[in-house]
Amino acid sequence: MQPMNEYDYWSKLDDEQRAAATYPGGKRAIIGGAGAGKTFTLVGLLVHLVKACGLSGNSVLAMTFTRAGAGEMNRRFLEMGIADTRVGTIHSVCMQILQATRPKLLESIKLDDSGYALQRILKHITWDFRKQGILPKKGVDFEMLNRFVSRCKLSGPVPVFMNPFGLSVTGEGAVLELAKIWRAKVGATPEQLLMVYNELESRRATRGTYSFDDMINWAWSVLVSDGDALSFWRHRWECVISDETQDSGVLQWDLGLLLSGLPTSVSSVARHSAGDSGEHNLIAAGDPAQAIFSFTGGDPQQLVGFCQQKDTDLRVLHRNYRSRPQICAGATELIKGKVWHVAKEMRPVREEAAQPSIEVKAYETHGDEAVDIIRRCREHAASGGKLADFAILARLSSSLYLFELECIRHRVPYVKMAGGSFLEGKEVKDVLAYLRVAACVDTDGKHLRHIINVPFRYIGGALISTAEEVAKETGIALLDVLLKERSLGYAQRHSLLELHSLLIRLNKMAVAGEILKASGAPVPTVPPASITITVSDEEAKEGEAEAETGVEGRVGPADMIAETLQGTDYIEEIRREDGLAVSDESKLSTLNELQGIARHFHSCADFLAYVDWMATAIKIAQRSGLKQKEDATSDAVRLSTIHRAKGLQWLNTFVVDVVPGRFPCSRAEDPEEELRLAYVAVSRAMDYVQVSFPLNEGKKRSPYILTLQRLLENGGEEALNHKYNRGLESHSNRVT
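Residues numbered from 1 in each chain as written. Predicted model: local features only at pLDDT ≥ 70, side-chain atom pairs only at ≥ 80, totals over all residues. Heavy atoms only, no water.

Attention now goes to the overall build of the protein chain. Helix and strand counts for the protein chain stand at 30 helices and 19 strands. Within the protein chain, buried positions represent 55% of all 736 residues. A separation of at least 24 residues holds for 78% of the contacts in the protein chain among residues at least 6 apart in sequence. Carbon and sulfur atoms form 52% of the exposed surface of the protein chain, whose accessible area is close to 31600 Å². (Helix = DSSP H or I, 4+ residues; strand = E, 2+ residues; numbered from the N terminus. Buried < 20%, exposed > 50% of the residue type's maximum accessible area, 1.4 Å probe, protein only. Contact = heavy atoms within 4.5 Å. Areas by Shrake-Rupley, 256 points an atom, 1.4 Å probe, with all protein chains shown as cover.)

Glancing now at the packing of helix H15 (residues 325–335) against helix H29 (residues 671–682). Where H15 meets H29, the axes come as close as 9 Å, and the angle between the chain directions of the two elements is 175°. Considered as vectors, H15 and H29 are oriented roughly antiparallel to each other. Listed contacts from H29 to Ile327, Ala331, Leu334 and Ile335 of H15 are Leu675, Ala678, Tyr679 and Val682. Taken together, the residues of the contact of H15 with H29 sort by class into 8 nonpolar, no polar and no charged. (Axes fitted to C-alpha atoms, helices over the stretch in contact; angles between N-to-C directions. Parallel < 35°, antiparallel > 145°, perpendicular 65-115°, else oblique. Nonpolar A, V, L, I, M, F, W, Y, C, P; charged D, E, K, R; others polar.)

The next thing to look at is empty space enclosed by the protein. Under the criterion given, the structure shown has 4 cavities of 30 Å³ or more. A volume near 70 Å³ is recorded for the second largest cavity. Mapped by element, the contributors of at least two residues to the lining of the second largest cavity are strand S6 (163–167), helix H10 (190–207) and helix H11 (212–225). Of the residues forming the lining of the second largest cavity, the biggest block, 4 residues, is contributed by S6. (1 Å grid on protein atoms, 1.4 Å probe; cavity = no way out; pocket = protein on both sides within 12 Å on 5 of 7 lines; lining within 4 Å. Points joined across faces, edges and corners; volume = space filled by probe spheres on them.)

In this section: the environment of Glu514. By the element assignment, Glu514 lies in helix H22 (residues 490–518). Judged by relative accessible area, which is 32%, Glu514 ranks as partly exposed. In the structure, Glu514 is positioned 88 residues away from His602 in sequence and 6.5 Å away in space, judged by C-alpha atoms. Once residues lying within four places of it in the same chain are set aside, the contact partners of Glu514 are His602, Ser603, Cys604 and Ala605.

In spatial order, the strands read S13-S19-S18-S14-S17-S15-S16; together these 7 strands make up an open sheet with parallel pairing. The strands lining the two open edges of the sheet, one partner per strand, are strand S13 (358–363) and strand S16 (627–628). Sheet topology note: the strand S18 (residues 650–655)/strand S19 (residues 685–694) ladder contains 5 bridges and is parallel. Residue pairing in the sheet places Thr653 in a bridge with Val689 of S19. Docked against the sheet, helix H17 (residues 401–409) engages strand S14 (390–394), strand S15 (414–417), S16 and strand S17 (637–641), running at close to 165° with respect to S15. (Pairing = 2+ DSSP bridges.)

Quick look at the pattern of salt bridges now. Scanning the entire structure with this criterion turns up 45 salt bridges. Residue Arg505 is joined to Glu563 by a salt bridge in which the shortest nitrogen-to-oxygen separation is 2.8 Å. Taken together, the residues Arg505 in helix H22 and Glu563 in helix H24 (residues 556–567) connect sequence positions 58 residues apart. Judged by its relative accessible area of 25%, Arg505 falls in the partly exposed class. Among the salt bridges present, the one from Asp670 reaches Arg676, with a minimum N-O distance of 3.7 Å. On the accessibility criterion, Arg676 (2% relative accessible area) is buried. (Salt bridge = Lys/Arg side-chain N within 4 Å of Asp/Glu carboxyl O.)

What we call a disulfide is simply a covalent bond connecting the sulfur atoms of a pair of cysteines. Within the structure shown, the criterion is met by 0 disulfides. The thiol of Cys407 is unpaired, and the distance to the nearest cysteine sulfur, on Cys377, comes to 7.2 Å. Cys440 takes part in no disulfide bond, and the closest cysteine sulfur, belonging to Cys604, lies 9.7 Å away. Judged by its relative accessible area of 61%, Cys440 is exposed. (Disulfide = S-S within 2.5 Å.)

What follows concerns the packing of aromatic side chains. Under the definition given, this model contains 14 aromatic pairs. Centre to centre, the rings of Phe232 and Trp233 are 5.0 Å apart; their planes meet at 90°, and the pair counts as edge-to-face. Residues Phe390 and Phe654 carry aromatic rings whose centres are separated by 6.0 Å and whose planes lie at 15° to one another, so their mutual orientation is stacked. Within this pair, whereas Phe390 is found in strand S14, its partner Phe654 is found in strand S18, the two being separated by 264 residues in sequence. Neither Phe390 nor Phe654 differs from the other in exposure class; each is buried. Feature note: the residues Phe601, Phe607, Tyr610 and Trp613 constitute an aromatic cluster, connected by ring pairs. Over the ring of Trp340 we find Arg676; its NZ or CZ atom is 4.9 Å from the centre of that ring. (Phe/Tyr/Trp six-rings, centres within 6.5 Å; stacked < 30°, edge-to-face > 60°. Lys NZ or Arg CZ within 6 Å of the ring centre and 35° of its normal.)

Within a sheet, adjacent strands bond to each other through the backbone by hydrogen bonds, running parallel or antiparallel. Spatially, the 6 strands line up as an open sheet ordered S3-S2-S8-S9-S1-S10, and their pairing is parallel. The open sheet is flanked by strand S3 (86–89) and strand S10 (313–317), the only strands paired with a single partner. For this sheet the average axis-to-axis angle between neighbouring strands, irrespective of direction, equals 15°. Where strand S1 (residues 27–32) lies against S10, 5 bridges are found, and the strand directions are parallel. When the sheet's bridge partners are listed, Ala29 is paired in S10 with Leu314. Each of S1, strand S9 (282–286) and S10 touches helix H14 (residues 301–308); the most contacted strand, S1, lies at about 120° to it.

Here we take up the nonpolar core. The biggest cluster of nonpolar side chains holds 86 residues, and the ones touching the most others in it are Trp220 and Leu259. With 8 residues, the top contributor of residues to this core is H11. Counting 76 residues, the second largest nonpolar core, distinct from the first, contains Phe422, Val431, Leu502 and Phe607. (Core = buried A, V, L, I, M, F, W, Y, C linked by side-chain atoms within 4.5 Å.)

Bringing the pairing of S15 into the picture now. Side-chain alternation along S15 places Tyr414 and Lys416 on one buried face and Val415 and Met417 on a second face that is also buried. In this sheet, S16 lies alongside S15 in parallel orientation, the contact comprising 2 bridges. Residue pairing across strands places Val415 opposite Gln628, the latter belonging to S16.

For the protein chain, per-residue confidence averages 86 on the pLDDT scale, and residues scoring 70 or more make up 90% of the total. Note that residues 525–550 has pLDDT below 50 and, in this model, 25 contacts with residues that lie over four places away or in other chains. This stretch, residues 716–736, has a pLDDT under 50; its non-local contacts, to residues over four places away or in other chains, come to 48 contacts. (pLDDT = per-residue confidence, 0-100.)

Below, the discussion takes up the side chain of Lys153. As for its position among the elements, Lys153 is in helix H8 (residues 142–153). Relative accessible area serves as the criterion here: at 3%, Lys153 is assigned to the buried category. In this view, Lys153 contacts Tyr197, Glu201, Arg204, Asp213, Asp214, Asn217 and Leu251; residues no more than four positions away in its chain are not counted.

With that settled, the discussion passes to the environment of Tyr363. You can see Tyr363 is positioned in strand S13. A relative accessible area of 6% places Tyr363 in the buried class. Taking the C-alpha atoms as reference points, Tyr363 and Asp657, separated by 294 residues in sequence, lie 9.8 Å from one another. Setting aside residues up to four positions removed in sequence, Tyr363 forms contacts with Asp368, Glu369, Asp372, Ile373, Arg376, Gln690, Ser692, Phe693, Pro694 and Leu695. Within polar-contact distance, the side chain of Tyr363 engages the side chain of Gln690 at 3.0 Å. (Polar contact = N/O pair within 3.5 Å; in protein donor to acceptor, adjacent residues only side chain to side chain.)

What follows is the structure, encoded as structure tokens:
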């Protein structure tokens, strides 16, 4: 690779970028909004340090959060002929510290890089503690418990000396203080949470496994408890760069402080790490307005607080090289006035197009939304454009399924940057199994066997197998055989009777749905529960037993799903086994989406056939190459959650399904982070962004829709263009 001349690179920086890259030392914050060229500036800063100031590349440490981010920085450094700079993820830096200072620690234990082992151990602890009465049988959210453990490790509890899985008195106090904050989220008392934490560490010590969170915690603990180690690593690098700092947790941020000789930010160990009198060369780069990973421990307040310190040299990159002025206006309007919006404004470099660059559009249904958007992608490709120019972004991955099906229907290549098909989720398969049994489409009985212990009814596998043999020999239904079993305890028999009663109710609803379909009634556009059923006298006579008021007039698969969730302990089962917390893959939102599909059917059998067709179509799309891998470079539409779209850009984006409850998500922990997600979504677009919503979801509008509509209506497109073109920046060298 031919190195780029540093003077050529330096000339490509604008005046704000050049000022941020000219670094005399000390504490500096570089805030780069969307499309501001922050990484480009950081490379320029390193060029300045190495080429102009004579600093060795080996004496600079650059930390970021992802391998992809580290790889991109390394690539750009190599283009400049700088090959010896230490660029890596925070975890790789922590591993380097541990291998040098505690080599024996890592010899006897192994890394649980997937996190699966920790979750499995934690799940067994919750089961055991419920049986022992230590934890309540209901109300404990497993995902929140898992996050609590992670937050403890990334907040500063100090292990006992020479025992990485044990807590010192200081550490126990820190866990208890954090537990007081998390008690309502998890559903357990602080004392119970401390017991869970200690038991988890004890069992992990026995199994010899550690996590990425442990890696950070242990490396940090070495620095705050071992003065010699701190002194060595503090002087190992002359300058520390922390990129994407808005996603830092407490310890991740504190590592940067300690390695640059600054006092720790963790009050419980402040007396051990008060900093030194040398030069403190720390550069924190990022954008608090794009902090969207709180569920992994990220906290934008670390970077906001650093920016507010009197001795921090704050440099803001205001220019936006990515988006049209209207897009910059819309993104800025969403977060205007927020404390964490440090950049305050975006100054677009690009000129506005003749056509509107940002639009808000209403569709009658979510299906109409998918049909129209994929049609526009197809027409663009047919006229010589590229499918890869388009990205469809949603807050929840379940909102993308109709777009995926529309791509399959028209054979449009696509890349799905989200979880797998929502039909593959355990919660969907569980609920559908109830419907298959109730609608009599369970010919081999496997779905009935599945739901007997979903949720768990304490019916042993051996007992079920024996009952199946009897059912085959006698022709009696499996559930009836189990109910005749004399060895059942009261709780077991009661739970099976409840299941039997539920299946009878569901079957009546399924039959009533078939009657309604036969009557020619239109498919509802509102929840079926609000429909008054009207059938002919003859139909009423034929289906009187099935459509009686015992199911309160509710019919069809949508109400059957609701009845299943209400008539079982399934929501509590999700909370207990997986958790109800929201990121991209909320299980409740997935079930809501399934119910939304079901509302288009009166017949449960038709609904199940449609679901099976969807599952088959997606599998065929994968095998045929229509659904491409994420790293594919061929021409394809991108379907992505907003979280996965962070750091990317497209010519045209569609932000879809923006309705209250889904975006902003009703179960999100932090409404401010939902707002930042909206900002990130809109600011991915270069030329055009459409924000859309279905009208049939109710009269209430998402606050993001209202903000953008108000911006467009009050000023109008012409006034909006004038406002943002007035401050248009002229800069000939486009930053990439």
